[in-house]
Amino acid sequence: MTRSKVGEMLKEMRGEQTQLSLGLEINLTRETVSKYENGRSKVPTDISRTLVNKFDNPKFAMTIRNEYTGTGPKWLDGPNVDLHRSSVKEKTLEELREALETLESFSLSKPLKKLQLFERQLLESVLDELVEAQTAIDHMVAVVCKEAEISYTGVWDKHYKALTSAGYLGGTR
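This write-up is about the structure you can find in this document. For clarity, every value in this text was computed on a predicted model and none was experimentally measured. (Residues numbered from 1 in each chain as written. Predicted model: local features only at pLDDT ≥ 70, side-chain atom pairs only at ≥ 80, totals over all residues. Heavy atoms only, no water.)

Quick notes on the overall build of the protein chain
Cut-off, in case you're wondering: Per the convention used, a helix needs a DSSP run of H or I reaching at least four residues, while a strand needs a run of E reaching at least two, with both numbered from the N terminus. Burial classification: accessible surface area is computed with a 1.4 Å probe over protein chains only, and a residue below 20% of its type maximum counts as buried, one above 50% as exposed, and the rest as partly exposed. A contact between two residues is defined here by any heavy atoms of the two lying within 4.5 Å. Two residue types count as positive, namely Lys and Arg, and two as negative, namely Asp and Glu; His and chain ends fall outside the count. Here the site of a charge means NZ on Lys, CZ on Arg, CG on Asp, or CD on Glu.
Looking only at helices and strands, the protein chain features 8 helices and 0 strands. What you see in the protein chain, going N to C, is helices and strands ordered as α-α-α-α-α-α-α-α. By principal-axis analysis of the C-alpha atoms, the protein chain measures approximately 60 × 40 × 35 Å. Put simply, the protein chain has 173 residues, and 31% of those count as buried. Here the analysis covers contacts within the protein chain between residues at least 6 apart in sequence; of these, 61% occur between residues at least 24 apart. The average position of the 25 basic charges and that of the 26 acidic charges among the side chains of the protein chain differ by 6 Å.

As for the pattern of salt bridges
Where charged atoms from two side chains of opposite charge approach closely, those side chains can pair. Under the convention used in this document: Take a side-chain nitrogen of Lys or Arg and a carboxyl oxygen of Asp or Glu: if they are within 4 Å of each other, that pair is a salt bridge.
If you walk through the whole model with that rule in mind, you get 10 salt bridges. One salt bridge connects E31 with R30, and the closest N-O pair in it is separated by 3.7 Å. Assessed through its relative accessible area of 44%, E31 is described here as partly exposed. Accessibility expressed as a relative area gives 34% for R30, which makes it partly exposed.

Things to note about the packing of helix 6 (residues 85–104) against helix 7 (residues 117–148)
Our working definition: Whenever a helix is involved, its axis is fitted only over the stretch in contact; in every case the axis is a line through C-alpha atoms, and angles between N-to-C directions fall within 0 to 180 degrees. An angle below 35 degrees is read as roughly parallel, one above 145 as roughly antiparallel, one from 65 to 115 as roughly perpendicular, and any other as oblique. It is the rotation of the near helix from the far one that decides the hand of a crossing: anticlockwise by less than a right angle makes it left-handed, clockwise makes it right-handed. The residue classification treats Ala, Val, Leu, Ile, Met, Phe, Trp, Tyr, Cys and Pro as nonpolar and Asp, Glu, Lys and Arg as charged. All others, Gly included, are polar.
The interhelical angle for the contact between helix 6 and helix 7, taken along N-to-C directions, is 155°, at an axis separation of 8 Å. As far as their axial angle goes, helix 7 and helix 6 are roughly antiparallel. Of the two elements, helix 6 crosses helix 7, and the hand of that crossing is left-handed. Touching R85, V88, K89, K91, T92, E95, L96, E98, A99, T102 and L103 of helix 6 are S125, V126, E129, L130, E132, A133, A136, I137, H139, M140, V143 and E147, all from helix 7. Grouping the constituent residues of the contact of helix 6 with helix 7 by class yields 11 nonpolar, 4 polar and 8 charged.

Thoughts on the layout of surface pockets
Counted only if it meets this: Both cavities and pockets are sets of points on a 1 Å grid over the protein atoms alone; in a cavity a 1.4 Å probe fits but cannot get out, in a pocket the set is open with protein on both sides within 12 Å along at least five of seven lines, and lining residues sit with an atom within 4 Å of a point. Grid points are joined across faces, edges and corners, and a volume is the space filled by probe spheres set on the points.
Considering only enclosed or pocket space, the second largest pocket measures out at about 260 Å³ in volume. Taken together, K5, E8, M9, E12, K59, M62, T63, N66, E67, K74, W75 and D77 make up the lining of the second largest pocket. Of all the elements in the fold, those that place two or more residues in the lining of the second largest pocket are helix 1 (5–14) and helix 5 (58–69). Looking at the lining of the second largest pocket, the element that brings in the most residues is helix 5, giving 5 residues. Partitioning the lining of the second largest pocket into residue classes produces 3 nonpolar, 2 polar and 7 charged.

Regarding the packing of aromatic side chains
Counted only if it meets this: Here a pair means two rings of Phe, Tyr or Trp (six-membered ring of Trp) with centres within 6.5 Å. Their orientation is stacked below 30 degrees between planes, edge-to-face above 60, and tilted elsewhere. Counting as a charge over the ring demands two things of the Lys NZ or Arg CZ atom: a distance within 6 Å of the ring centre and an angle within 35 degrees of the ring normal.
Considering all chains together, one arrives at 2 aromatic pairs under this definition. Put simply, the rings of Y152, W156 and Y160 touch in pairs and so form one group of aromatic residues. One cation-aromatic arrangement involves K54 over F55; the distance from NZ or CZ to the ring centre is 4.9 Å.

What to know about the nonpolar core
Counted only if it meets this: Only buried Ala, Val, Leu, Ile, Met, Phe, Trp, Tyr and Cys residues count toward a nonpolar core, and they belong to the same one when joined by side-chain atoms within 4.5 Å.
Ranked by size, the top nonpolar core spans 21 residues in total, and within it I47, L51 and F60 carry the most contacts. Of all elements in the fold, only helix 1, helix 3 (30–37), helix 4 (45–55), helix 5 and helix 7 reach the threshold of two or more residues within this core. In contact with F60, not counting residues within four places along its chain, are V6, M9, L10, M13, S48, L51 and V52.

Laid out in structure tokens, this is it:
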């Protein structure tokens, strides 16, 4: 069985802390922590949330979201990635400009089910650009939070509170 990215991240975040010690902290057995790390069991939602809050690690939060939903950005770790804050900022600006330009060029006034093939292809290009921008933004927030020692979960909590206060969320998370 191959280890999951979530399991790999959990082991990395645990560092020198023993599985037993982590398990006791979050009310799990050492064996359960081992199963999560080795991919023999999926980390349940409530434990995932506990671990995200405990470690406040943006890379782990993004990994959990992607592995369990198959959506959202994956943590960029390929040979061409440069996660220095300046590089991430420049890439984010580039992706935002491209997304904005593509979005502005496409009209959404026509019913989407009535789009012709070429229009649908253009719409898919818009969505591709938006997803690229989302990946860049997520990495920008993660990199800056980590380096500046600003709570990643705190940034999201503040955002959710603002959305709730403005009436965009119903008040429960």
